[in-house]
Amino acid sequence: MVLKPFLLFLILYLVFSFLFGQKDPNYKLNLFLGTILINYFQEGTTLGLFSLLSRANIILKVNFPREIALYASLAQASISLFFNLVVFAIFWLFSPTPLKIFSPLYFLLYVIILALLIQGLNFFLSILYVKFRDLASIWEVVNSLVFFATPVFYPLSVIPTKYHSLVFLNPLAVIIHNSREVLIKGELPDLPRTALALCLASVLFILGLLFFRKKVKKIAEDF
Amino acid sequence: MIKVENISKTFKIPHEKRETFREYLFSFFKPLEYEKFQALKNVSFEVRDGQWLGIIGANGSGKSTLLKILAGIYLPDSGRIEIKSKAVPFLELGVGFNPELSARDNIFLNGIILGMTKSEVERKFERIVQFAEIERFLDTKLKNFSSGMQVRLAFSIAIQVEADVYILDEVLAVGDSAFQKKSQEEFKKMKEAEKTVLLVSHDMETIKKYCQEVIWLDKGEIKKQGKAEEVINAYLGIGGNQ
């Protein structure tokens, strides 16, 4: 659980550090933070996708607010995020990055936006997976698309500047990029883009919640 | 009090299974054919406070569907349900048991799933363990329990849940004869405490013993409702081998 993003980070580091490492002195930290956050997204949505169906035996026997099953999945992913961040913090404290008081606070904001985003998606995924059992494999492909579409292992600078606004329509890119800005560079985040990502995540969360509440009442019949 | 008015429930049973995107894509223009199965037709009844109502019927007559609707797991297509106090459904014993965890952890897990709070489980922990007679195996993983011991534990947790209305689906016959005797004692206590109970069972002796009134479900409809003795006799007369 904790090892997965770390090993992924090691592989990516071995493969790409000679390509992108010379230009960016903080490539190691940037890459590690990026893999941790993208792993949170992938693990969170995958657990969320299975969250209803994997608890079918309980859902068919006891009536409880079904949202709890989803929050439990999010909590599980959040726990592994926490342990990953502890490992990251060790690297971070021993690196010559500027320590600023506001950095962890801003970072917390990005984690919250990310959690909102995951939960919003899970409201849809968990219900749809009951009806479409091949969604799990489709979602795997989507996840790897997300991984490549988000600047995790490559720096933003490899993308032409005119496309940057396009990249930042992806809330994950905003979250990862700005987390790096505040934690590793010690700079202030890009607030308009943050606000946009927060709006997107909140709208998704609210729409998801409405969709979930409407559909979950009859979902037990499709198990 | 439980009040059930005109409940109907129909399930759609598709002729071919279609539960992946691929299947939807390849049969986009083919209408999905399905059969309708009416599990419940206009079922109405009332259970007064302190009353035990038995529900009998052949397999597939809609008993479990009815209980699942009362438990809030399925929504009825039409009709109304009113349950005016804290109701606990026991549709199965040991819901949420995790075989990889110890008996101690499973007591908490199952107790909380059944609606107890953590401190409530802590308070009743001793009684649960004593009743199940598993003192020696408290920290043994559940997967190393015999199946009899597992249901005994599950039953012991279930009877500690405090509620006014119990919905019981075939949970009486668990364990060896000594344990069954003990659980019969618990049921007597429940009866003396004037709990409201909805009891589904194939064991006519138990039904006769505890329920004044019985409902006979047949193909989703109430075929007969009334005094326990009368309904059971009518049911046995036609049903035969039960």
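Use the structure listed above.
Within each chain, residue numbers correspond to sequence positions counted from 1 in written order. Whichever chain is written first becomes A and whichever ligand is written first becomes 1, with later ones labelled in order. With the structure being a predicted model, the display of local features is reserved for residues of pLDDT at least 70 and the display and counting of side-chain atom pairs for 80 or more, all residues being used for whole-chain, interface and lining totals.

Chemist: An account of the environment of Phe-21 of chain B is needed here, citing residue identities and associated values.
Modeler: In DSSP terms, a helix is any run of H or I states spanning at least four residues, a strand is any run of E spanning at least two, and both are numbered starting from the N terminus. Here Phe-21 of chain B is to be found in helix α1 (residues 21-26). Around each residue's C-beta, the other C-beta atoms within 10 Å are counted; 20 or more make the residue buried, 12 or fewer make it exposed, and counts in between make it partly exposed. All C-beta atoms are placed from the backbone. The partly exposed category is assigned to Phe-21 of chain B, around which 15 C-beta atoms lie within 10 Å. When the C-alpha atoms of Phe-21 of chain B and Glu-135 of chain B are compared, they prove to be 51 Å apart, with 114 residues separating the residues in sequence. Contacts of Phe-21 of chain B, omitting those with residues within four sequence positions, involve Phe-132, Asp-134 and Ile-138 of chain A. Placing a C-beta atom from the backbone of each residue, one calls two residues in contact when those atoms lie within 7 Å.

Chemist: Explain the pairing of strand β6 (residues 165-169) of chain B residue by residue, including any values.
Modeler: Residues and elements named next belong to chain B. Where burial is concerned, most of β6 is hidden: 5 out of the 5 residues are buried. Here β6 shows two buried faces, one formed by Val-165, Ile-167 and Asp-169 and the other by Tyr-166 and Leu-168. The criterion for strand pairing is that DSSP finds at least two bridges linking the strands in question. Note that strand β5 (residues 87-90) and β6 share 4 bridges and pair parallel. Bridging across to β6, Ala-87 finds its partner in Val-165.

Chemist: Explain helix α8 (residues 171-185) of chain A to me, using residue names and the numbers behind them.
Modeler: Residues and elements named next belong to chain A. Taking 1.5 Å of rise per residue, 15 residues should cover 21 Å, and α8 covers 20 Å from first to last C-alpha, within 8% of that figure. Counting buried positions along α8 yields 13 of 15 residues, so the element is predominantly enclosed. Among the residues trailing α8, Gly-186 stands out with phi positive, at a value near 70°. An expected span of 1.5 Å times one less than the residue number is assigned to each helix.

Chemist: For the interface of chain B and chain A, give the residues involved together with the corresponding values.
Modeler: Contact with chain B, which involves 15 residues of that partner, is made by 14 residues of chain A. Split by residue class, the side of chain B that touches chain A holds 9 nonpolar, 3 polar and 3 charged. Each residue is assigned to one of three groups, with Ala, Val, Leu, Ile, Met, Phe, Trp, Tyr, Cys and Pro labelled nonpolar, Asp, Glu, Lys and Arg labelled charged, and all others, Gly among them, labelled polar.

Chemist: Quick one: what's the story with the nonpolar core, residue by residue and with numbers?
Modeler: General note: in soluble globular proteins, nonpolar side chains tend to be found buried as a group. Core analysis: the biggest nonpolar cluster contains 107 residues, and Leu-37, Ile-113, Leu-114 and Ile-175 of chain A together with Ile-167, Leu-199 and Val-214 of chain B have the highest contact counts within it. Among the elements that line this core, the one with the most residues is helix α5 (residues 102-131) of chain A, at 15 residues. The residues touching Val-214 of chain B, leaving out its near neighbours within four places in the chain, are Gly-54, Ile-56, Ile-207, Ala-228, Val-231 and Ile-232 of chain B. We define a nonpolar core as a collection of buried residues of the types Ala, Val, Leu, Ile, Met, Phe, Trp, Tyr and Cys that are connected via C-beta atoms lying within 7 Å of each other.

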